[in-house]
Amino acid sequence: MGQVYLEREEEAACVIMCASVKYNIRGPALIPRMKSKHRIYYITLFSIVLLGLIATGMFQFWPHSIESSSDWSVEKRSVRDVPVVRLPADSPIPERGDLSCRMHTCFDVYRCGFNPKNKIKVYIYSLKKYVDDFGVPVSNTISREYNELLTAISDSDYYTDDISRACLFVPSIDVLNQNTLRIKETAQALAQLSRWDRGTNHLLFNMLPGGPPDYNTALDVPRDRALLAGGGFSTWTYRQGYDVSIPVYSPLSAEVELPEKGPGPRRYFLLSSQPAVHPEYREDLEALQARHGEAVLVLDKCTNLSEGVLSVRRRCHKHQVFDYPQVLQEATFCVVLRGARLGQAVLSDVLRAGCVPVVIADSYVLPFSEVLDWKRASVVVPEEKMSEAYSILQSIPQRQIEEMQRQARWFWEAYFQSIKAIALATLQIINDRIYPYAALSYEEWNDPPTVKRGSVSNPLFLPLIPPQSQGFTAIVLTYDRVESLFRVITEVSKVPSLSKLLVVWNNQNKNPPEDSLWPKIRVPLKVVRTAENKLSNRFFPYDEIETEAVLAIDDDIIMLTSDELQFGYEVWREFPDRLVGYPGRLHLWDHEMNKWKYESEWTNEVSMVLTGAAFYHKYFNYLYTYKMPGDIKNWVDAHMNCEDIAMNFLVANVTGKAVIKVTPRKKFKCPECTAIDGLSLDQTHMVERSECINKFASVFGTMPLKVVEHRADPVLYKDDFPEKLKSFPNIGSL
Amino acid sequence: MQSWRGKSLWLALSASWLLILLRVFPLLRLAVPARPWASAPQGWPRWLDTELLPSFSQPGELPEDAPQPPQAPRGGGCDWGACFDASKCRTGGLKVFVHPVAGPISASHRKILASIESSRYHTASPEEACLLLFLSLEVPAGECSPVPQQWNGGRNHLVLDLHPAPCPQTFQLGRAMVAKASPTVDTFRPGFDVALPLLPEAHPLRGGAPGQLRQHSPHPGVPLLALAEERGGWRTAGTDPSTCPWDGRCEQDRGPEQTHPGGTLPNATFCLIPGHRPDALHFLQALQAGCIPVLLSPRWELPFSEVIDWTKAAIVADERLPFQVLAALQEMPLTRVLALRQQTQFLWDAYFSSVEKVMHTTLEIIQDRIFGASAHASLLWNSPPGALLALPTFSTSLSDFPFYHLQWGSRPVGRFSALIWVGAPGQPPLKLIQAVAGSQNCAQVSDRFFPHRAISTDAILSLDAHSSVTTSEVDFAFLVWQSFPERMVGFLTWNHFWDEAQGGWGYTAERANEFSMVLTSAAFYHRYYHTLFTHSLPKALRTLADETPTCVDILMNFLVAAVTKLPPIKVPYGKQHFEATPPLVPGGPEPQPTARDCINQMAAGFGYMPLVSSRLRLDPVLFKDPVSVLRKKYRSLEKP
């Protein structure tokens, strides 16, 4: 609310300013030939009068702009004071619901227009009290739950107060319970809504449809094309992809404190807690109990309770009294049997207790079944097969039962818990239909948060060996070592599968050598100049990269043989979702220091490869540049180090897979180029690298690197076999 | 002067009036009780008497919901619970009987019959069957196939209808389910009917063309959009929104575009498919091509929508918002494009590429309905290798399968069982047992042929009595297998090749730079492949393998390669003199002619050649490096 008024305040300020500006421009023209003294006077007087006028004009807005506290902005009224609307007996009645309605036939999607945020806008009609010709109210003005529901929508991102921009309209006429309203008059009330238009884009919420004696499974109020979010749809009345099946809210959700109980074996295997069950079903249930004894418990309502005890909260078996809903937590499976209506509030209680619902209601469309995978949280048993229910349940392995219990509880927490949860899930489903390309995925709807965090999702999950003909693009990051760079280019160009060479010129102070000076090679050579000398430039997804395989190579790596590089590419083709590199490195847990340590000793294990020369999928360049978590990218650029460790972390984290080290190569430094200051330089280097690992592990929140004990060699490597018959005879040394 | 004073007075007066306006009136305004501002933005009001509002249902009303007797299904409508009797299937398993077809049948029908007969659910006796299949035939318009005998009101019947022009509804369906190609959404009964893909006449019986996707990410040069044309071809179009590429009415400049004749596959990132039913044929083409289908308000149900999560592979958009759709496609994040593309390929290969796959998927869906709680989890249907290859009868826990460890970044725990097959009774291979049992990872040694129940570990080390392996070789190989649990990890390899001279496949045991099979006489693999071997392979192939022992190796390699689409893994093997040919086949390194036939028969049985070659071997990190032996963990691997 506060925000809205703030905008208005700015508006007011603008009006004043704009006006005075105008005046200042026009002033001299209005009073052209006046003495300067008089002129000043008149100008002052005129502006005072004008300001006064403006102030009077703005009068109405003042209280709102001065007072930003909620007292002024939120309307405090009683429901009894809402305007009364009299419905003439002959006012129009909408058609009955059209069963063939689908989103593309009955829904006016143009009203949703183009919305960059891919979010529908929902308008709520203001509350009115409807009476007939005789002044008799049509229904309860509004129930607590419907008020909660409209409040939830109004507080959400979906809400708009601008009726002309709205895509979905929610009447404030409460139809949650059909029994509390007069059908014909309610329909007339709907029809006179200002944007009704045969119910197009109108959404009605109903939890208890039908009434005696035949209990229809959908709201009986004629509603034409309006969408219905209904509890208790059957497959006959549910318009797939148009209506939304919602839960019947259980008021106990808010009334009763029920601490969560984890999954696991419970006292009763199967429990029936519904008090009003048709005698035929009760017979079946009692037969089950007789057959399986203690494992099955069938409860009924209590008949001999003393006064003052809420009978809603008690259940009885013979003379034993149980607390409801607490007793649900004692059972592994709980029966959810249909009554007159298909949708039962007990489903919500059962899910909350982490009891797996056994739904016995033929043709019932389970709540939110469009998006929720009920197979993971419930067992559906046909009414006819009720007597077999026990054996059906027994065949489910214990591990799966626990999974279902967890899932049931999660469904309650996410979609059943409150009226708000129900309302927002309903709107999300409709939103997903209108903007399908921005819809939530199956996993987002169904996976509990614990699963979402723990799982990796490999972006390159399809087992696919790219064709050799595609080749790879070599990316050489260079600063100014031109001579060494040219040697690298010459060497790399000998690799048969090279298809393009990209030189990333990271030196802003010096121009790259002239075209004529570059080595002549058989593949295209492109030079990219960067704006800043950053290590991350090596992993930028340049448009020039046309192949999937990328070879990142430093401008001083001249020791790799052509066979070695070609073999590296062949290995990458078999593992296109991994980093394939030459020297391997390892991370270790330092028990003394209690942190990670970088290890470059020649060990039997490998968890990283150096990207001084490594093959990988170009998609990881995109990930590195745009999806690197936390401040890792900046850290790398600031420290001018560890870009390779960051890449190893990134790939391992997203794919959950280990690197592939190829060939015996252990280090890049050639024997003849000795380090300037060998040992001490080496040690600070190691400390810095260890620091990187610890930093990255804390940003990722986990240690994604995987340790393996294998490397890839050509099939006949070091085998007793004629060298000239081997595909990769010159595989290099350490 | 006077005028000056007067003016000052006026000025002072006006100024004080302004002051009053600014200062005093708001105070007065505050004193006045607040009146709701008529058009102020408000949202839903906070009512003063929220607490007093009645609940939508009175306590007691909810639980006391009037009881109602069981109801019969209304209006002749059917759903699974009401119209299908699953009790027979639950006791005897799903058994499918096909009503014999009277009269001449077309080639496509023959394919359907053949594929159902090859299914493990097929039975020849109608008494045993719990699902009866009725093939609706192509008949002159207006007529319908006669109702078969034992129709029984359509109970437990599945009517297969693969033609876009269906038999008019005069045909009394009764309680029968309908499996129809691209059914219209209005007549489709979710959870009861099965939506089939609209197959072209020439769809292969088995095997089928592999997906066209050669790389994970779209090639930078590929156009964004291809548009399905009415005549059956594809037109690639520019992406300038002003040209509205799929609307024939606007005849403006459409930008660079090309028209491709019918039958060719589209080469674009997205394929726009209009919603009319004949366009359903385009859907499969797009899927095969790895072109993400963008369906504009389809009037037909997507194939196998009951189990396949199409939001992972296609985009269903509203045809009335073309510019929004176009903008959304252009702005779609790369990660999503990648995922959608790969999913199209996986789905094509898993469920659509052959008539056999389509029919088996149909039966698998019905089997899943019967299973209820122990059916395939959604993940099994929607991630490689797909539900036809991940059998829920094996386990309902995903970590028991070899396929999902790598997807989750985990690895199988536990140890392995060594399985030694002994051909003829004789001296037990004591030395071998000793060597294998020496491994600390070995849980049990058994010498029976494929004893499913007795094997308790995920990993199996398959050996035969003549194999010779050392403990450290076994240890290293097991470690490698844990990193690649879905593949076979072996010591000895064969390679297959296309023999131009013979016009068929051949294979060789000679040492080469490539390999595509590992011998089961010494190999690690997942225990699940035993289940798959026994339950999913066609009987004919298994008989062939039983008759020719060499074929067992080939068949096992075919099976694993067909499931994983990846080559096996070779690990170093010390015994250089060991002959790679199985000892059961006497003769030189060249396999015998019968064995050569074997690979061709397998390829025919699978419908294609699933084997994939590899050029690498996984060695220990310090393998044969010139470093101190003491550093090395697997020293004994390097002994000559």
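Up top is the structure these notes are about.
To start, this report covers the structure provided alongside it. All values reported here derive from a predicted model rather than from experimental measurement.

## Some points on the interface of chain B and chain A
Moving on, step 1. In this assembly, 146 residues from chain B lie in contact with 171 residues from chain A.
Moving on, step 2. At the boundary of chain B with chain A, total buried surface from both sides reaches about 13,600 Å², with 59% on carbon and sulfur atoms.
Moving on, step 3. For the pair chain B and chain A, the number of links is 12 salt bridges.
Moving on, step 4. Among the ionic pairs, E443 of chain A bridges to K312 of chain B, the shortest N-O distance being 3.0 Å.
Moving on, step 5. The interface formed by chain B and chain A holds 53 residue pairs in polar contact (both at pLDDT 80 or more) in total.
Moving on, step 6. No other element matches helix α1 (residues 2-31) of chain B, which puts 13 residues into the side of chain B that touches chain A.
Moving on, step 7. Residue composition of the side of chain B that touches chain A, grouped by class: 74 nonpolar, 37 polar and 35 charged.
Moving on, step 8. Looking at chain direction, strand β26 (residues 710-714) of chain A and strand β22 (residues 616-620) of chain B are connected through 5 bridges and run antiparallel. If you follow D713 of chain A over to β22 of chain B, its bridge partner there is R617 of chain B.

## Thoughts on the nonpolar core
Moving on, step 1. With 168 residues, the main nonpolar core has F696 of chain A together with F416 of chain B as its most contacted residues.
Moving on, step 2. Apart from residues no more than four positions distant in its own chain, F696 of chain A is found in contact with I632, W635, V636, C642, I645, A646 and F649 of chain A.
Moving on, step 3. One finds C112, I124, I246 and A361 of chain A within the second-largest nonpolar core, a separate group that totals 102 residues.

## Concerning the packing of helix α4 (residues 107-117) of chain B against helix α8 (residues 355-371) of chain B
All names here are of chain B.
Moving on, step 1. Put simply, α4 and α8 touch, their axes get as near as 9 Å, and they point 55° apart. What the angle tells us is that α4 and α8 run oblique. Relative to α8, α4 is oriented so that their crossing is right-handed. Residue-level contacts link K111, I112, S115 and I116 of α4 to V355, E356, M359 and H360 of α8.

## A word on the environment of L168 of chain A
Residue and element names in this part refer to chain A.
Moving on, step 1. Relative to the helices and strands, L168 resides in strand β5 (residues 168-170).
Moving on, step 2. Overall, L168 belongs to the buried group, its relative accessible area being 0%.
Moving on, step 3. Separated by 10 residues in sequence, L168 and Y158 have C-alpha atoms that sit 9.4 Å apart.
Moving on, step 4. If near-sequence neighbours (up to four positions away) are discounted, L168 is found in contact with F107, I120, K121, V122, Y123, N201, L203, L227, L427 and I430.

## Observations regarding unusual backbone geometry
Moving on, step 1. In this structure, P325 of chain A follows Y324 of chain A across a cis peptide bond, with omega equal to 10°.
Moving on, step 2. Relative to the elements of secondary structure, P325 of chain A occurs in the loop between β12 (320-323) and β13 (331-337).
Moving on, step 3. P384 of chain B connects to P385 of chain B through a cis peptide bond whose omega is 5°.
Moving on, step 4. The backbone of M640 of chain A sits at a positive phi, close to 50°, despite the residue not being glycine.
Moving on, step 5. For M640 of chain A, the location among the structural elements is in the loop between α19 (632-639) and α20 (643-655).
Moving on, step 6. In this model, N156 of chain B sits at a positive phi of 55°, which is unusual for a non-glycine residue.
Moving on, step 7. Since its relative accessible area comes to 8%, N156 of chain B is described here as buried.

## With respect to the sheet that holds strand β23 (residues 608-609) of chain A
As a general point, the strands of a sheet are linked pairwise by backbone hydrogen bonds and lie either parallel or antiparallel.
Residues and elements named next belong to chain A.
Moving on, step 1. Pairing within the open sheet is antiparallel, and its 3 strands lie in the order β22-β21-β23. At either margin of the open sheet sits one strand with a lone partner, and together these are β22 (595-599) and β23.
Moving on, step 2. Relative to β22, strand β21 (residues 584-590) runs antiparallel, the two sharing 5 bridges. Bridge pairing links W589 to W596 in β22.

## Focus: the pattern of salt bridges
Moving on, step 1. Applying the stated rule across the entire model yields 52 salt bridges over all chains.
Moving on, step 2. Between E306 of chain B and R369 of chain B there is a salt bridge, and its shortest N-O distance comes to 2.5 Å. Of this pair, E306 of chain B sits in the loop between β11 (292-296) and β12 (315-317) while R369 of chain B sits in helix α8; the two residues are 63 residues apart in sequence, bridging distant segments of the chain.
Moving on, step 3. What emerges from the salt-bridge pattern is a single network uniting E570 and R573 of chain A together with E514 and R615 of chain B.

## Quick notes on helix α15 (residues 549-564) of chain B
Residues and elements named next belong to chain B.
Moving on, step 1. A rise of 1.5 Å per residue sets the reference length of α15, with its 16 residues, at 22 Å; its end C-alpha atoms lie 24 Å apart and thus fit the reference within 8%.
Moving on, step 2. Within α15, 15 of the 16 residues are buried, leaving the element largely enclosed by the surrounding structure.
Moving on, step 3. Where α15 ends, the next residue or the one after it, K565, has phi of about 60°, a positive value.

Reading guide: rules and limits
- Residues numbered from 1 in each chain as written.
- Chains lettered and ligands numbered in written order.
- Predicted model: local features only at pLDDT ≥ 70, side-chain atom pairs only at ≥ 80, totals over all residues.
- Heavy atoms only, no water.
- Contact = heavy atoms within 4.5 Å.
- Buried area = accessible area lost by both parts, 1.4 Å probe.
- Salt bridge = Lys/Arg side-chain N within 4 Å of Asp/Glu carboxyl O.
- Polar contact = N/O pair within 3.5 Å; in protein donor to acceptor, adjacent residues only side chain to side chain.
- Helix = DSSP H or I, 4+ residues; strand = E, 2+ residues; numbered from the N terminus.
- Nonpolar A, V, L, I, M, F, W, Y, C, P; charged D, E, K, R; others polar.
- Pairing = 2+ DSSP bridges.
- Core = buried A, V, L, I, M, F, W, Y, C linked by side-chain atoms within 4.5 Å.
- Buried < 20%, exposed > 50% of the residue type's maximum accessible area, 1.4 Å probe, protein only.
- Axes fitted to C-alpha atoms, helices over the stretch in contact; angles between N-to-C directions.
- Parallel < 35°, antiparallel > 145°, perpendicular 65-115°, else oblique.
- Left-handed = near helix turned anticlockwise from the far one by under 90°.
- Expected span 1.5 Å × (residues − 1).

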